[in-house]
Amino acid sequence: MFMISLPPAFTERMTRLLGNESKAFFEALNNPSPSTIRLNPLKMGLQLPFPELIDKQIPWCSDAYYLKERPVYTLDPLLHGGAYYVQEASSMFLEQAIRNFVSEPVKCLDLCAAPG
């Protein structure tokens, strides 16, 4: 297994802050991130790209999926056409915040997300 080298001060601080959960945190840093995609229903509805690679739906996002393996996204014209996005699953949690706390139409500018 690949072991990431972290500065001792960071390791000590995170161990102190996370307590019993620090072991799981450091193990997660040493594992590859799962491949995840989010569909753009305005471009493709619910047609799934890579149906053979779909592992399961991401529970907190209605149009997002974990993949069994990472495909070569750059070769897929659906990606370039905006039919889906490669997005980290944790970034998709915003959908839940909006559904639970925004009750009327709002305008929002997302200054954090960008391809790459």
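Residues numbered from 1 in each chain as written. Predicted model: local features only at pLDDT ≥ 70, side-chain atom pairs only at ≥ 80, totals over all residues. Heavy atoms only, no water.

Caption draft 1: Representation of the overall build of the protein chain. Helix and strand content of the protein chain: five helices and four strands. For the protein chain, the α and β elements follow one another from N to C terminus as α-α-β-α-β-β-α-β-α. Put simply, of all contacts in the protein chain between residues at least 6 apart along the chain, 54% involve residues at least 24 apart. Working note: accessible area of the protein chain is about 9,000 Å², and carbon and sulfur atoms make up 60% of it. (Helix = DSSP H or I, 4+ residues; strand = E, 2+ residues; numbered from the N terminus. Contact = heavy atoms within 4.5 Å. Areas by Shrake-Rupley, 256 points an atom, 1.4 Å probe, with all protein chains shown as cover.)

Caption draft 2: Expanded view of helix α1 (residues 8–18). The buried fraction of α1 amounts to one of the 11 residues, a small share that puts the element mostly on the outside. Looking at the residues trailing α1, positive phi occurs at Gly 19, about 55°. (Buried < 20%, exposed > 50% of the residue type's maximum accessible area, 1.4 Å probe, protein only.)

Caption draft 3: How the structure looks around the nonpolar core. Ile 37, Leu 39, Phe 50, Leu 53, Ile 54, Tyr 65, Leu 67, Tyr 73, Ala 83 and Tyr 84 form the largest nonpolar core, which has 10 residues in total. Counting six residues, the second-largest nonpolar core is a separate cluster that includes Ile 58, Cys 61, Tyr 66 and Ala 89. (Core = buried A, V, L, I, M, F, W, Y, C linked by side-chain atoms within 4.5 Å.)

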